[in-house]
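Commentary on secondary and tertiary structure
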Amino acid sequence: MKNLLLGISNANNHLLKENSIDDALNLCIASIGKSQEIDRCYIFKNETEDGILKLYYVYEWCNEGVDSFLGSPELNGVSYDDFPGLYKTLVNDEPLYGLVKESDNKLFVETMEMQGIKSYLFTPIFSENKFWGWIGYDDCKTERIWIEEEVNVLHTVAKNIGIRLNQDKTNAKLENHLEQFDFYLKGSNQGMWEWDIITNKTVFSYNWAGMIGYNLDEIEQTYEFWKKNVHPDEINQIELDLMNYIQGKTDSYDGVMRMKHKKGHYVWVKHSGLVIKNIVGEPIKVIGTHIDISEIKEAERQLELSEEKFRFIAENTTDLITQHFNDGTFSYVSNSSKEIIGYKPEELIYRSPYDFIHPDDLQIMQNAHQEIAEKLKIKPLTFRFRKKDNSYIWMESVTKVILKNKQQIIGMQSSSRDISEMIKTAEEMRLNLLKEKELNELKSNFISMASHQFRTPLTIIYSNAELLEIKSKMEEYKSANSVKLISNRIKNEVERLTELMNNILIFGKYESEGTKKNIKELDFGHFINKIIETYFDNEPDGRKIRITIKGKKQKLNSDETLLIHIITNVVSNAFKYSVNRKEPKLVINYLKEKIKVEIIDYGIGIPNEEKQHLFTSFFRATNTSTIVGSGLGLTIVKQFINLLNGEIVVLSEENIGTTVLLTIPYE
Amino acid sequence: MNKKKILLVDDEIILRDTLTDMLTLNNYSVLTAANGEEALAILDDWIPDIIISDIMMPVMDGYTFYEKIKDSVVLNQIPFVFFSAKNDKEANDKFIQKGVELFISKPFKLEDLMLLIDMKIKKLKTNKKH
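Criteria and cut-off values
Residues numbered from 1 in each chain as written. Chains lettered and ligands numbered in written order. Predicted model: local features only at pLDDT ≥ 70, side-chain atom pairs only at ≥ 80, totals over all residues. Heavy atoms only, no water. Helix = DSSP H or I, 4+ residues; strand = E, 2+ residues; numbered from the N terminus. Buried < 20%, exposed > 50% of the residue type's maximum accessible area, 1.4 Å probe, protein only. Contact = heavy atoms within 4.5 Å. Areas by Shrake-Rupley, 256 points an atom, 1.4 Å probe, with all protein chains shown as cover. Buried area = accessible area lost by both parts, 1.4 Å probe. Salt bridge = Lys/Arg side-chain N within 4 Å of Asp/Glu carboxyl O. Polar contact = N/O pair within 3.5 Å; in protein donor to acceptor, adjacent residues only side chain to side chain. Pairing = 2+ DSSP bridges. Axes fitted to C-alpha atoms, helices over the stretch in contact; angles between N-to-C directions. Patch = residues over 30% accessible without salt bridge, like charges linked within 9 Å, V, L, I, M, F, W, Y side chains within 5 Å. pLDDT = per-residue confidence, 0-100.

This part is about the overall build of chain B. Each helix and strand counted, chain B has 5 helices and 5 strands in total. Reading chain B from its N end, one meets helices and strands in the order β-α-β-α-β-α-β-α-β-α. Looking at chain B as a whole, 47% of its 130 residues qualify as buried. In chain B, the share of contacts with a sequence separation of at least 24, taken over all contacts with a separation of at least 6, comes to 60%.

Structural data, given as structure tokens:
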């Protein structure tokens, strides 16, 4: 018994110690066999083949001089059906033993005797509660009787084998799982690390190394390796965090840091850790992960840059940049809004642009809003927008939709510009063009009318000259009167032409250059007297013009030349249109701010309907057909009096007379 | 020989006098009017062999006067000549379209005027013959 127990003990040791199941079983059965003076110790394994449960002779230990049957075909692939008794016993976890010759299974006896077995003991092996196989012990020398204790102990060994087999199965499963786990782990972007605080031993995973560009065998699995590869700006803080966490001062260890890649650049890594404590609560180990977030970091950076760019443009442009929710309300308004429309961005957010658009332009906006949902962008819009001060400005807007994932409309973006100036300018230009056109028309009219005015005098001169020729051939030419008549006509026309020419020159000069004023101080009364003396002292009918002065004399600052034109023209008219009537009068009235001059004649007057045309170029009233005139006189007077900042008013009644009222300011 | 009768319409009195003298010396009988209205009044009882009219006149201008003549059954056969003092191509074209075939522009030579008058009167005669 002692031997047996020793043998069993050895066998168990083997079972426990040996890594390989084969080694364990072989050594196990060898130990038992040796200790029991058994001739053969072997293990049969059950396998189901084609639905039939069969035996396989898998392990064997033979004593010296005993034949080995390992690999023997008779013992491999034998069906249990041939040994029903064997099966029945063993499957109930009961040992089977006895003398071979006493068995009633003929085949059994044959098989056993073939092997020279006289006495046998079979103990079943169960693994995971299933009939796995059995150990057999052969005695080939004697017809040994097995003692119950022996049987029990040997049965225990079989049980231990069963346990050992279980373990292996479990281990195998575990190994399998571990393999899978390892596979998935490698495929992920997570790296694992472990740091034994006590021994300073560290373990890094395949991915941990791969993240920074190394193969596992290229790196030192040490704390120092990790430390020296963390970015110098971060390592101090990280180590501090780690210490604080381990010491329990903080309750987590995680964050981001940069680790130096094999190639020299830095990668962003998100790290986290978990402290493992022993039974008494002392930290013994830290395990953790590294996740490569470089891509994320880069994407963040790009987004930041892009946001920066957008902000810069939006905040520095003179246009108004706005973003809108799908319903049109403002979601973003650039700073330029204060300058352009008087509102600060915050005053507009969530409000609807429709509240600010001119009622006449609302329909345009609504149409555009609909169109953009279909077409994703629209042609530039022009509309009026109400500023904070309630005035309207014209704006031009370009709008596009904002797409998410290239499909979904999540809003709209607009760039708007104040085009009020542009519109104003365009309108001004249009008006200027119109004016210029009018002016050109007037000018060409003037020219055509002026040249027309020359024709008649010229015709008269020419025809009269011809008349002279005719008459010279006839008797009548000798009559001095008829010659005089003709020559008078000619002289008259030449005078008329001269006046016309002069007036046109004056008028034309005014039109092209604008007459420049030459302001001097004058004594108006004295001035008037001089004019009358110079031009109107010798009227053909001997008439004079009577001058009256009223009011307190004051000095006048004005342009002499212009005044001469004005006065001579008006006085000349007074005489011209009152032939054979009373003498004209001139009244000077010194008022507070200005001089009032009235030139009164008692002549033919001006027909009522024609008064409105009085200052029109080349206009001659219908009652003047017998009186020579250029039609330009009053036109020039009006322009000149305007130049002097004065006024002219004409009062008249046909056949009674005409009064021309001039007002000239002192300055 | 019967003197040919001319109705002269122009608002310039001196021109009327001058032309009357000239035409009278050349054996025409001349009546004058200062504008279209006056001319029409004269035409009520006197039919000339030719009417010569200025265009720019007050009260009734040459164009209007011409329209009135053409509208009159009695008067529209009378040859008509314009003094085209207004150098207006547009206006002239308008009249060419309407069939006023001849203009004479100021100033003119007496000779040319005579020729024109003769031609116009002769034309009428030939037309009348047919």
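Bringing the overall build of chain A into the picture now. Of the regular secondary structure elements, chain A holds 17 helices and 23 strands. The buried share of chain A, reckoned over its 667 residues, is 42%. Entry remark: accessible area of chain A is about 38600 Å², with carbon and sulfur atoms responsible for 52%.

With 22 residues of chain A at the interface, the matching set in chain B holds 22 residues. A combined buried area of about 2000 Å² lies between chain A and chain B, and 66% of that area is made up of carbon and sulfur atoms. Between Glu12(B) and Arg496(A) there is a salt bridge; the shortest N-O distance is 2.7 Å. Across the chain A-chain B interface, the total number found is 5 residue pairs in polar contact (both at pLDDT 80 or more).

Let us now look at the pattern of salt bridges. Tallying each qualifying case throughout the model produces 29 salt bridges over all chains. Here Lys262(A) ties to Glu218(A) by a salt bridge, and the two come within 2.7 Å at their closest N and O atoms. Of the two residues, Lys262(A) sits in the loop between strand E9 (253-260) and strand E10 (266-277) while Glu218(A) sits in the loop between helix H6 (206-211) and helix H7 (223-229), which places them 44 residues apart along the sequence. Between Lys106(B) and Asp54(B) there is a salt bridge, and its shortest N-O distance comes to 3.5 Å. Placement of Lys106(B) in the loop between strand E5 (103-104) and helix H5 (110-129) and of Asp54(B) in strand E3 (residues 50-54) is noted, with a sequence separation of 52 residues between them. Each member of the pair, Lys106(B) as well as Asp54(B), is classed as buried. Bridged by salt links that share partners, the residues Asp139(A), Arg144(A) and Glu150(A) form one connected network.

For the rest of this paragraph, the subject is the sheet that holds E3(B). Residues and elements named next belong to chain B. With parallel pairing, the 5 strands of this open sheet are ordered in space as E2-E1-E3-E4-E5. For this open sheet the edge positions go to strand E2 (28-33) and E5, each flanked by a neighbour on one side alone. Lying over the sheet, helix H1 (residues 13-25) contacts strand E1 (4-9), E2 and strand E4 (80-83), oriented at roughly 165° with respect to E2.

Residue and element names in this part refer to chain A. Structurally, Ile198 can be placed in the loop between strand E7 (190-196) and strand E8 (202-204). Judged by its relative accessible area of 62%, Ile198 falls in the exposed class. Sequence-distant contacts of Ile198, defined by excluding residues within four places in its chain, comprise Pro283 and Ile284.

The subject of this paragraph is the sheet that holds strand E6 (residues 130-139) of chain A. What links the strands of a sheet is backbone hydrogen bonding, and the strands pair in either a parallel or an antiparallel sense. All names here are of chain A. The strand order across the open sheet built from 6 strands is E3-E2-E1-E6-E5-E4, with neighbouring strands paired in antiparallel fashion. Single-partner strands in this sheet number two, and they are strand E3 (76-79) and strand E4 (96-99). Going across the sheet, the axis of each strand differs from the next one's by a mean of 25°, ignoring polarity. Of the strand pairs in this sheet, strand E1 (residues 40-49) and strand E2 (residues 52-62) are connected by 10 bridges, and their pairing is antiparallel. Paired with Asn46 across the two strands is Leu55, which belongs to E2. Contacts between helix H2 (residues 21-36) and the sheet are confined to E1, E2 and E6, with E2 contributing the most and set at about 65° to the helix. With respect to the sheet, helix H5 (residues 148-187) is in contact with E1, E4, strand E5 (119-127) and E6, its orientation differing from that of E5 by roughly 35°.

Let's shift gears to a nonpolar patch on the surface. Residues and elements named next belong to chain A. Taken together, Leu174, Leu178 and Phe181 make up a surface patch of nonpolar side chains, about 310 Å² in accessible area. With respect to the helices, strands and loops of the structure, Leu174 is situated in helix H5. Judged by its relative accessible area of 47%, Leu174 falls in the partly exposed class.

Chain-level pLDDT for chain B is 83 on average; 80% of the residues reach the 70-or-more range. For this predicted complex, the interface confidence score (ipTM) comes to 0.85, while the overall pTM stands at 0.46.

Attention shifts here to the environment of Trp195(A). All names here are of chain A. Tracing the backbone through its elements, the reader meets Trp195 in strand E7. As a C-alpha pair, Trp195 and Gly288 span 93 residues in sequence and 8.7 Å in three-dimensional space. Beyond its immediate sequence surroundings of up to four residues, Trp195 is in contact with Asn200, Lys201, Thr202, Tyr223, Leu242, Met243, Ile246, Ile284, Lys285 and Val286. At 2.9 Å, the side chain of Trp195 and the side chain of Asn200 are in polar contact.

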